[in-house]
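# Examining the three-dimensional arrangement
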Amino acid sequence: YLKRLHKAERLTVFADADVAYVQPGWEAGEFIAEQQAHLPLKPLSNRLSSEPPRLKFVGCSTQVFEAQYVRATLHERIGQGERLDNTAVVLPDGKTLSLLMQSLDLGEGRVNVTMGLAWSEGPVADFFEGVLRMVMREGASWRHDEVRAQLSHPVAKVLGGSSLPKDAARFLAELARKHWVWVGREEVRELRDGPVKALLSRLAALRLREPGAFLAALETWCGEVQRTLDEREAQADPWIRASWRAVVEAVGVCARFQAKHGVFEALRDVRDLVFQVLNQERIDLRGEPEKGLQVMGIIETRALDFKRVIVLDCNEGTLPKTSRSDSFIPFDLRAS
């Protein structure tokens, strides 16, 4: 196709490469070297040989330490009066994105995210899964560890407001004192009025067995959560709000599907379709690309130039990405 355009004199090619990359005998730049003989490539950049980048390798035992190292490095640069406009943080895998965003604390510094994050890797996936697990279980009670996990989740902290931590601490102390392993309607009714009782009572209202009624109630609850997150924008992580918007849309799709076709016979069918929709979703936050720190994936970095690039997750199997082999033949036998 490119050769046809070249023959019609309508083609100019700018290769995203440096002379140092296209070396004779180097497999990495082999494709570009081959095309130079056939296509009108503009001269390659020759900067890396005269101004080679300074590389610094840092070993971090966990992703938490990795994110903290990035934060410390950026704060050091800010302390030296350096602007972050020429710095990019590159993530080969989106799994670290949520943790990194929670770790960064740049004050008034702007952070722009130009890579998508799979919904299942976002900050609300475990909260929503926990809610469905609690309201769809047979019986009228919840396990105490499920309740504790939900009350400590960042989503619940936004919904419950500033008084939730104190109320939750009082509730957990009461759980321990009364030896409640299960929390049911009676236990919730005994609680004093407050954010904990309000959150649990609202979840209890979702315990419906008929799929259509359950979806209608779930759609209403998800909409209320979204409105609260939007109203408390200052306290809510933007990733939480963006992730929850995908939940609202997925539940709405399933509710309309049930209202029109009535195909769900059990709550498990509802859950399966909701997560089938959500697991295909990606969350995108886009900022002003001209200013601030840039957080992006490998694909987004093409043809861009930064003075400082911090690449995370340079681990075997992640960079480069490798797929699991389905072959039962041992690797050494296949290689030979």
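Anything mentioned here points back to the structure above.
Residues numbered from 1 in each chain as written. Predicted model: local features only at pLDDT ≥ 70, side-chain atom pairs only at ≥ 80, totals over all residues. Heavy atoms only, no water.

## Observations concerning the overall build of the protein
- Counting its secondary structure elements, the protein contains 14 helices and eight strands.
- A globule of 336 residues ought to have a C-alpha radius of gyration of about 20 Å, yet the protein, at 26 Å, is considerably larger.
- Taken over the C-alpha atoms alone, the protein extends approximately 80 × 55 × 45 Å along its principal axes.
- Here the protein, with 336 residues, has 38% of them falling under the buried criterion.
- Across the protein, every contact between residues at least 6 apart in sequence was considered, and the portion connecting residues at least 24 apart equals 73%.
- Within the structure as shown, the protein displays about 20800 Å² of accessible surface, and the carbon and sulfur contribution to it stands at 51%. (Helix = DSSP H or I, 4+ residues; strand = E, 2+ residues; numbered from the N terminus. Rg over C-alpha atoms; globule rule 2.2 N^0.38 Å. Buried < 20%, exposed > 50% of the residue type's maximum accessible area, 1.4 Å probe, protein only. Contact = heavy atoms within 4.5 Å. Areas by Shrake-Rupley, 256 points an atom, 1.4 Å probe, with all protein chains shown as cover.)

## Things to note about the packing of helix α5 (residues 125-136) against helix α13 (residues 267-278)
- One way to put it is that α5 packs onto α13 with a least axis distance of 11 Å and a crossing angle of 175 degrees. Between α5 and α13, the crossing angle belongs to the class labelled roughly antiparallel. Residue-level contacts link F128, E129, L132 and M136 of α5 to L267, R268, R271, V274, F275 and L278 of α13.
- When the residues that make up the contact of α5 with α13 are grouped by side-chain class, the tally is seven nonpolar, no polar and three charged. (Axes fitted to C-alpha atoms, helices over the stretch in contact; angles between N-to-C directions. Parallel < 35°, antiparallel > 145°, perpendicular 65-115°, else oblique. Nonpolar A, V, L, I, M, F, W, Y, C, P; charged D, E, K, R; others polar.)

## Side note on the sheet that holds strand β2 (residues 111-113)
- A sheet is described by the order of its strands in space; here four strands give the open sequence β2-β7-β1-β8, paired in parallel fashion. At either end of the open sheet lies a strand with only one pairing partner, and these are β2 and β8 (308-311). Sheet twist, expressed as the average angle between the axes of neighbouring strands with direction ignored, equals 20 degrees.
- As paired elements, strand β1 (residues 87-90) and strand β7 (residues 293-296) share three bridges and run parallel to each other. Bridged to V89 within β7 is V295. (Pairing = 2+ DSSP bridges.)

## Here's the deal with unusual backbone geometry
- Of note, the phi angle at E9 is positive, near 60 degrees, even though the residue is not glycine.
- Considering the arrangement of structural elements, one finds E9 in the loop between α1 (2-7) and α2 (30-35).

## Notes on the environment of V111
- Tracing the backbone shows V111 in strand β2.
- The class of V111 is partly exposed, set by a relative accessible area of 27%.
- In the structure, V111 is positioned 180 residues away from K291 in sequence and 8.3 Å away in space, judged by C-alpha atoms.

## Overview of the packing of aromatic side chains
- On inspection of all chains with the given rule, the structure shows six aromatic pairs.
- Ring-pair connections join several aromatic residues into one group, and the members of that group are W119, F127, F128, W221, W244 and F275.
- Sitting over the ring of W182, R143 keeps its end group 5.8 Å from the ring centre. (Phe/Tyr/Trp six-rings, centres within 6.5 Å; stacked < 30°, edge-to-face > 60°. Lys NZ or Arg CZ within 6 Å of the ring centre and 35° of its normal.)

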